[in-house]
Amino acid sequence: MAYPDDLLSENEHVVVHSHPHFKMLIFPFLALIVTLGVGIWLAVIAKDATAPWDLISEIAIAAVGLGLVVWLFLAPFVRWRTTHFIVTTDRLIAREGVLKRTGIDIPLSRINSVQFEHGLLDRVFGCGTLVIESASDEPLKFDDIPKVERVHTVIYREVNDNPYDDFAPGPQQTEPLPPQGHPPRGNRRR
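Residues numbered from 1 in each chain as written. Predicted model: local features only at pLDDT ≥ 70, side-chain atom pairs only at ≥ 80, totals over all residues. Heavy atoms only, no water.

### A few points about the pairing of strand E2 (residues 84-88)
Taken residue by residue, a regular strand's side chains alternate between the two faces of the sheet.
No. 1: Buried residues dominate E2, accounting for 5 of its 5 residues.
No. 2: As judged from the 4 bridges shared by E2 and strand E3 (residues 91-96), these two strands associate in the antiparallel manner. Each residue of the ladder has a partner; that of Val87, found in E3, is Leu92.
No. 3: Here E2 folds back onto E3 in antiparallel fashion, the turn holding 2 residues. (Buried < 20%, exposed > 50% of the residue type's maximum accessible area, 1.4 Å probe, protein only. Helix = DSSP H or I, 4+ residues; strand = E, 2+ residues; numbered from the N terminus. Pairing = 2+ DSSP bridges.)

### Section: the nonpolar core
Within soluble globular proteins, side chains that are nonpolar generally end up buried alongside one another.
No. 1: Of all hydrophobic cores here, the largest spans 17 residues; its most connected members are Phe85, Leu92, Leu130, Ile132, Phe142 and Ile155.
No. 2: Apart from the residues within four sequence positions on either side, Leu92 is in contact with Phe85, Ile86, Val87, Ile104, Asp105, Ile106, Leu108, Ile132, Phe142 and Ile155. (Core = buried A, V, L, I, M, F, W, Y, C linked by side-chain atoms within 4.5 Å. Contact = heavy atoms within 4.5 Å.)

### With respect to the UniProt feature "transmembrane region" (unreviewed entry) in the chain
No. 1: The UniProt record annotates "transmembrane region" (unreviewed entry) at residues 25-43 and 55-74.
No. 2: The span residues 25-43 shows a helical share of 95% and a strand share of 0%, and its end C-alpha atoms are spaced 27 Å apart.
No. 3: Regarding residues 55-74, the helix share stands at 100% and the strand share at 0%, and the terminal C-alpha atoms are separated by 26 Å. (UniProt positions renumbered as here; feature names shortened; annotations may be inferred.)

### Digging into a nonpolar patch on the surface
No. 1: A surface patch of nonpolar side chains, about 660 Å² in accessible area, is lined by Leu66, Val70, Leu74, Phe77, Val78, Val98 and Leu99.
No. 2: Assignment of secondary structure puts Leu66 in helix H2 (residues 53-81). (Patch = residues over 30% accessible without salt bridge, like charges linked within 9 Å, V, L, I, M, F, W, Y side chains within 5 Å. Areas by Shrake-Rupley, 256 points an atom, 1.4 Å probe, with all protein chains shown as cover. Salt bridge = Lys/Arg side-chain N within 4 Å of Asp/Glu carboxyl O.)

Okay, here's the thing in structure tokens:
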């Protein structure tokens, strides 16, 4: 599902829009399989109970199973589905939540540095943690970002779209300054 265009400013375009990596759904999916397996096994055993207890035990098993499915699978799935990480041409947007919605917008011009971290398991899954340093007190960490290295590069390119942006030509200067750290051609030392 794309980020709604009516929430973007004029001439702003979405560059990256993603949910957290699906790895955060592995344990909820395993919990769903185990809950269904144990529930079916207990329901088969409950059929052998004497009358009124067989029906009561089946209802109890179904109620507990439904509660576990909602708590262990459905809630994490909805949390995953309603968490958005968006990079536009103007800002970085993070939104999450269903009942209590939270969000943060960081203008790209306020971003000081972009870092990524990923351990061995994250590298296997192709995700990681994105660390954004901006004008805030502490760096912001966004976990389970899919293709974190690509997102890191996209944000860096959007923040630094032109390396000569900081060098506005003065009244006597008409050409952009050369990149820092390299001597100009023709003036090399031999």
